[in-house]
Amino acid sequence: MSNEKTITLRINGKAAQATVPAHRTLLEALRGLGHVEVKCGCEKGDCGACAVLIDGTAVDSCLTLAWMAEGREITTVVGLGSGEAMHPLQQAFSDLGAAQCGYCIPGMIIAADSMLRQTPDPTEEEIRIGLSGNLCRCTGYVKIFDAVGEAAAVMRDGGETK
Amino acid sequence: MTTKAYDAPLTEPNVRYNQIGRPLTRTDAVGKVTGRTPYAGDYVMPRMLHAKVVRADLASARLARLDVSKARALPGVVCVLTAAEMPDRTIATDIPGQTGRDRLKTDQQVLVRERVRYFGEPLALIAAETADIAEQARRLVEFELEPLPGVYDPEEALKPGAPIVQGTDNVVANYKIRKGDMDAGFAAADVIVENTYRTPFQEHAFLEPEVGLAWVDENDVVNIRVSTQVIEHFRAVADALGLPHNKVRVMGAMVGGGFGGKEDVTVELYLAILAQQTRRPVRLEYTREDSFVGHGKRHPFKLIYRTGATRDGRITALDVNVIADSGAYVFLSPYVLLYCAVSAPGPYRIDNLNVFARAVATNNMFTSAFRGFGGLQACAAYEQQMDEVARAIGMDRLELRRRNYLKTGDPISTGFVPPSAIWTEKCADLAWEALGEPTPSEGSIKIGRGLAAYQQSYGRLTFLHDTSEAWVGVEMDGTVTVRSGVTDIGAGQASALGQIAAEILGVTLPNVIVYNSDSQVTPLAGTTTATRALYMTGNAARLAATAVRDRLVEVAAERFGVEGDRIKLAFNKVSADDDPEKSMPFAALVKLCAARGVHRSELAIFRAPFTDGLDPETGQGQAHPDYAYGAHAVEVAVDTDTGEVRVLKCVAAHDVGQCINRAAVEGQIHGGTQNGMGYALSEEMLYREGRLITPSFSEYLMPTAMDMPRVETIILESRSGLGPFGSKGIGEPAMTPVAPAVANAIADAIGTRVFEMPMTPERIVRALEAARAAG
């Protein structure tokens, strides 16, 4: 196609190139590059399953064109931590059983991380507002609120997990 | 990585196990929170094609013209299929999974041949080199639909002269329960209360839309990796393709939510057809809108309850008439209606009982399984009706219930005596008490409280003769492997099997791995539906692990020179009599067994009770293996100016028999509460002549993080269930009582009842206006 262009994306600290048309969303581009941890739930910005950090702020990658993300720092849930060195949010979600089917979790953790960067000591109401763009159908959000609260406390103590 | 596995036994009186009952970190947790767990949509293959489904945009029509020539001519399009290419293809839509029973004759056309019966019915399948090209081709398919008279209301569909959608009279199923003497029962009543309750369509709204990938391998086996609750649809797919059953293989992946919506065949048949046709791997991912129009919904019900009661709170007779909308095809409606009929009186002992339940075909979206499966719709009616009866006789709502609860050992509606404990009263009283001090009403904000108790089966209908298999083996290093076909839809089904094996073999959970969800490689476990996975497959894993344990213990007993009953397996160690001299690592015992050629694995089958069907005239007999009981209490605030409802407090009390994983049980209760709150208050599927006009999450409103209250859980363990360690099941029970509890709280708050769900602000304001007009 004539409107394709090769762009360089910085994903989880590494550069990656993608040749994509103007209408390609960041969600499609990331999944095309193998970042299948970014989930597709609605393609309309209703559910938040595809949330990633762009320069530290959560966005729905389904509402972001890939071209717009060129040169920006993109972080997915994989970039936050791994099984060997989990991010406090990942640790708390795991410890407290906050993931059920798990499909919303990559976006949920990204949204929580974005919120905690702005609000390190959130009230429950602030946690609710921070996660209000992310739908979950399994958990009633109850353990998710608990996990975000616990992770916030750990992060305020210097990021050490228990 | 820190996976919690407790190092020492807990000492609470209700916990007597090392691995069972604790809130252990599930085996699937770390993969999910780090983004490493693959779902069915995350798999790709070389030369993979991308598929699209072309759908009808009318609900009742004749397909006058279908022209796919422009789509076929588009460069990059590999295959476009219509009914013309597969005139005889049909797919069975009833009884998912294994059963020895004959199926209903309800086969459905795979693609529309001539008659369109619902909005969104598939007309054509497309496979192309890229998803973009497939979508372009979808837009190039030309079709003309000639509108035909349709019927969109089950009562209209029963009238003479109504358009016929299924069979000869649109009646898809009917069930009767007849017990006692109705005339005598109503004659003995001081009051007779009659009400009509309406429940709506509901969308499952799992976050992961239907998706899969299929390919034909070197043995001509059609392989399908798909998001499903039922890998055993491989049989239905094979029958539809005309292949032997052993040449279709369905592999699951971690499922991104099911709730009954991935119980029927979804994308797997289209994938199989396209892969067989093109001989290339094919991927099909539904858009959210595809998902909204592509799978069956919860049945809307109209339930008419007529209750006779004495002033001292004795229910003397109950007459129930139910009509459910089955939609355009017969999926699981007959079974959903049977569940409703059996549960129609709820957890109450009612000796004079008459139930008549019908499912009726219309040109609406077809309806099928959804968490609660008819038992939930019954609860929505019987628990609102109990409050109405209490009001009519001027009795406290909980007291009326106390005087009528089934007690352990009592027969239910079908005359069957559940084998387990019935702790409804304890659950209801504890839940109500836990609401604590009432919040005061203020101005137009009225506070109300409601409670709903329930009866919900776990395990499939016993006339389906359900079985489940699991394999357990121990490795030379002391690790344990479980293999079972069970699909994991997010409740921790696989992890629970790991905990069961860990408990019995005395190892810690991180030393167990579960391989699951492959129809040709893992032993067939049946469906993950009907709150049956723990009960059925958990028991199979228990049997297999116990057989292996017995052999290991025999060798250990001989080595230590003691009787077998003195051997203890716990925390990866084997010991006898707590004697440090008689102790060795579990791995050492396994090696010892291997050296002697001891069989270190076992494949076990668990069979549910097998029965005949219920008596067709009286509905008497056994329908399910057993039932779960509990209650849900809520406090709500209703703004009488705007009709807006906020749930302030929420307490769920369930007898789960025995927790396997406490955190997972709590999670099920939290999620069931969320599903039920949405059903009660905000989730509305609007259809206009069968056309869905709310096919997205910005129109179909499920509870968000802003809407959900804290949910307090009270988990009782009677240890009386038929599942492993006395467990029952919590998947469906968690949701069943939620909506009527909310309805009763709203009625308590505003002094009048909204008889139709969802109880949207509009409906509440209208009910208030009607009450004011009536004075």
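Computed from a predicted structure; not experimentally measured.

**Student:** If you had to explain the overall build of chain A to someone new, which residues and values would you point to?
**Tutor:** When its secondary structure is counted, chain A shows six helices and five strands. Counting from the amino terminus, helix and strand elements in chain A follow one another as β-β-α-β-β-β-α-α-α-α-α. Taken over C-alpha atoms, the radius of gyration comes to 16 Å for chain A, in line with the 15 Å a tight globule of 162 residues would show. Principal-axis analysis of the C-alpha atoms places the extent of chain A at approximately 50 × 30 × 25 Å. Contacts spanning at least 24 positions in sequence make up 57% of the contacts within chain A whose residues lie at least 6 apart. As displayed, chain A offers around 6,100 Å² of accessible surface, 50% of which is attributable to carbon and sulfur atoms. Within chain A, one finds 14 positive and 20 negative side-chain charges whose respective centroids are separated by 5 Å.

**Student:** Which residues make up the domain arrangement of chain A, and what are the values?
**Tutor:** Residues and elements named next belong to chain A. According to the domain assignment, chain A contains domain 1 (4-77) and domain 2 (81-157). Computed from C-alpha coordinates alone, the two centres of domain 1 and domain 2 are separated by 21 Å. At the boundary of domain 1 with domain 2, total buried surface from both sides reaches about 1,200 Å², with 60% on carbon and sulfur atoms. Where domain 1 packs against domain 2, one counts zero salt bridges. Among the elements that make up the side of domain 1 that touches domain 2, the one with the highest residue count is strand β3 (residues 51-54) (three residues). A per-class count over the side of domain 1 that touches domain 2 returns eight nonpolar, six polar and three charged.

**Student:** Please give an account of the confidence of the model for chain B that cites residues and values.
**Tutor:** Residues and elements named next belong to chain B. Confidence along chain B averages 95 in pLDDT terms, with 96% of residues attaining 70 or more. Note on residues 1-15: pLDDT is under 50 here. Beyond four places in sequence and across chains, it has 30 contacts. Model confidence for the complex is summarised by a pTM of 0.96, with the ipTM given as 0.97.

**Student:** I'd like to hear about the sheet that holds strand β15 (residues 301-309) of chain B, residue by residue, with values.
**Tutor:** Residue and element names in this part refer to chain B. In spatial order, the strands read β9-β17-β16-β15-β10; together these five strands make up an open sheet with mixed pairing. Both outer strands of the open sheet, β9 (171-179) and β10 (191-199), are each paired with one neighbouring strand and no more. Direction aside, neighbouring strands of the sheet carry axes that sit 5 degrees apart on average. One ladder, built from nine bridges, connects β10 with β15; its direction is antiparallel. Across the sheet, the residue bridging to Val-193 is Thr-307, located in β15. Helix α9 (residues 333-343) contacts β9, β15, β16 (315-327) and β17 (353-361) of the sheet and is inclined by roughly 20 degrees relative to β9.

**Student:** Tell me what's going on with the pairing of β15 of chain B, and back it up with residues and numbers.
**Tutor:** All names here are of chain B. Burial of β15 is extensive: seven of the nine residues sit out of reach of the surface. Pairing between β15 and β16: nine bridges, direction antiparallel. Among the inter-strand pairings, Lys-302 is bridged to a residue of β16, identified as Ile-323.

**Student:** Would you mind going over the interface of chain A and chain B in detail, with residue names and values included?
**Tutor:** At the junction of the two partners, chain A supplies 51 residues and chain B supplies 59 residues. Of the roughly 4,300 Å² buried between chain A and chain B on both sides combined, carbon and sulfur atoms contribute 52%. For the pair chain A and chain B, the number of links is seven salt bridges. Residue Glu-683 of chain B is joined to Arg-137 of chain A by a salt bridge in which the shortest nitrogen-to-oxygen separation is 2.6 Å. At the boundary of chain A and chain B, one finds 28 residue pairs in polar contact (both at pLDDT 80 or more). Only α2 (77-80), α3 (88-96), α4 (105-118), α5 (124-130) and α6 (142-156) of chain A provide two or more residues apiece to the side of chain A that touches chain B. The dominant element in the side of chain A that touches chain B, judged by the number of residues it contributes, is α3 of chain A, at five residues.

**Student:** Any chance you could break down the layout of surface pockets for me, citing the residues and the numbers?
**Tutor:** Residue and element names in this part refer to chain B. Roughly 840 Å³ of volume is contained in the second largest pocket. Elements that contribute at least two residues to the lining of the second largest pocket include exactly α1 (29-33), α13 (493-505) and β21 (512-516). Ranked by the residues each element gives to the lining of the second largest pocket, the list is headed by β21, at five residues. Classifying every residue of the lining of the second largest pocket gives 14 nonpolar, ten polar and seven charged.

**Student:** Kindly report on the packing of aromatic side chains, identifying the contributing residues and their values.
**Tutor:** Residue and element names in this part refer to chain B. Summed over the entire model, instances satisfying the criterion amount to 17 aromatic pairs over all chains. A centroid spacing of 5.5 Å and a plane angle of 85 degrees characterise the contact between Tyr-118 and Phe-366, whose relative ring orientation is edge-to-face. Of this pair, Tyr-118 sits in the loop between β6 (115-116) and β7 (122-128) while Phe-366 is found in the loop between β17 and α10 (375-393), placing the two residues 248 residues apart along the sequence. Judged by centre distance (5.6 Å) and plane angle (15 degrees), the rings of Tyr-348 and Tyr-405 are stacked.

**Student:** An account of α6 of chain A is requested, with residue identities and associated values reported.
**Tutor:** With 15 residues, α6 of chain A extends 22 Å from end C-alpha to end C-alpha; this agrees with the ideal 21 Å at 1.5 Å per step. The complete set of buried residues in α6 of chain A reads Val-142, Lys-143, Ile-144, Phe-145, Ala-147, Val-148, Ala-151, Ala-152 and Val-154 of chain A. Elements that come into contact with the buried residues of α6 of chain A comprise α3, α4 and α5 of chain A together with α16 (662-681) of chain B. Immediately downstream of α6 of chain A, the backbone of Gly-158 of chain A shows phi near 110 degrees, a positive value.

**Student:** Pulling in residues and values, what's your account of helix α18 (residues 761-773) of chain B?
**Tutor:** Residues and elements named next belong to chain B. Along its 13 residues, α18 runs 18 Å from first to last C-alpha, staying within 8% of the 18 Å computed at 1.5 Å per residue. Turning to α18, its buried residues are Arg-763, Ile-764, Ala-767 and Leu-768. Projected onto a plane normal to the axis of α18, the buried residues spread over an arc of 135 degrees and lie on a single side. Exposed residues pointing more than 90 degrees away from the buried face of α18 are listed as Glu-762, Arg-766, Arg-772 and Ala-773. The secondary structure elements touched by the buried residues of α18 are β26 (626-639), β27 (645-655) and α17 (738-750).

How each quantity is defined
- Every residue gets a number counted from 1 within its own chain, in the order that chain's sequence is written.
- The naming scheme follows written order: chains are lettered A onward, ligands numbered 1 onward.
- Reporting of local features is limited, given that this is a predicted model, to residues whose pLDDT is at least 70; pairs of side-chain atoms are given and counted only at 80 or more, and all residues count toward the totals for whole chains, interfaces and linings.
- For the side-chain quantities, the full set of heavy atoms in the structure was used; hydrogens and water were omitted.
- Put simply, DSSP H or I for four residues or longer makes a helix, DSSP E for two residues or longer makes a strand, and each gets a number counted from the N terminus.
- Only the C-alpha atoms count toward the radius of gyration. The rule for a globule is 2.2 Å times the residue count to the power 0.38.
- We call two residues in contact when some of their heavy atoms are within 4.5 Å.
- Accessible surface is estimated by sampling points in the Shrake-Rupley manner with a 1.4 Å probe; for residues, cover comes only from the protein chains shown.
- Here Asp and Glu are counted as negative and Lys and Arg as positive; His is not counted, and neither are the chain ends.
- We put the charge of a Lys on NZ, of an Arg on CZ, of an Asp on CG and of a Glu on CD.
- Each domain's extent is set by a domain assignment, obtained either automatically or from a database.
- Here's the idea: put two parts together, see how much 1.4 Å probe accessible area each one loses, and the total over both is what we call buried area.
- Definition used for salt bridges: Asp or Glu carboxyl oxygen within 4 Å of a side-chain nitrogen of Lys or Arg.
- Under the scheme applied here, ten amino acids are nonpolar (Ala, Val, Leu, Ile, Met, Phe, Trp, Tyr, Cys and Pro), four are charged (Asp, Glu, Lys and Arg), and all others, including Gly, are polar.
- For every residue, the predictor states its confidence as a pLDDT score lying anywhere from 0 to 100.
- A pair of strands counts as paired when DSSP detects no fewer than two bridges linking them.
- Geometry is summarised by axes, namely lines fitted to C-alpha atoms with helices restricted to the contacting stretch, and by angles between N-to-C directions that run from 0 to 180 degrees.
- Burial classification: accessible surface area is computed with a 1.4 Å probe over protein chains only, and a residue below 20% of its type maximum counts as buried, one above 50% as exposed, and the rest as partly exposed.
- Counted as a polar contact is a pair of N or O atoms within 3.5 Å, where, for protein atoms, one must be capable of donating a hydrogen and the other of accepting one, and residues adjacent in sequence contribute only when both atoms are in side chains.
- Definitions used for this entry: grid spacing 1 Å over protein atoms alone; cavity, a set of points where a 1.4 Å probe fits but cannot get out; pocket, an open set with protein on both sides within 12 Å along at least 5 of 7 lines; lining residue, one with an atom within 4 Å of a point.
- Grid points are joined across faces, edges and corners, and a volume is the space filled by probe spheres set on the points.
- When the centres of two rings from Phe, Tyr and Trp lie within 6.5 Å, Trp using its six-membered ring, the rings pair. Their planes under 30 degrees apart give stacked, over 60 give edge-to-face, and anything left gives tilted.
- To estimate the expected span of a helix, subtract one from its residue number and multiply by 1.5 Å.
- Directions are taken from the helix axis to each C-beta atom, and the arc is the one they span.

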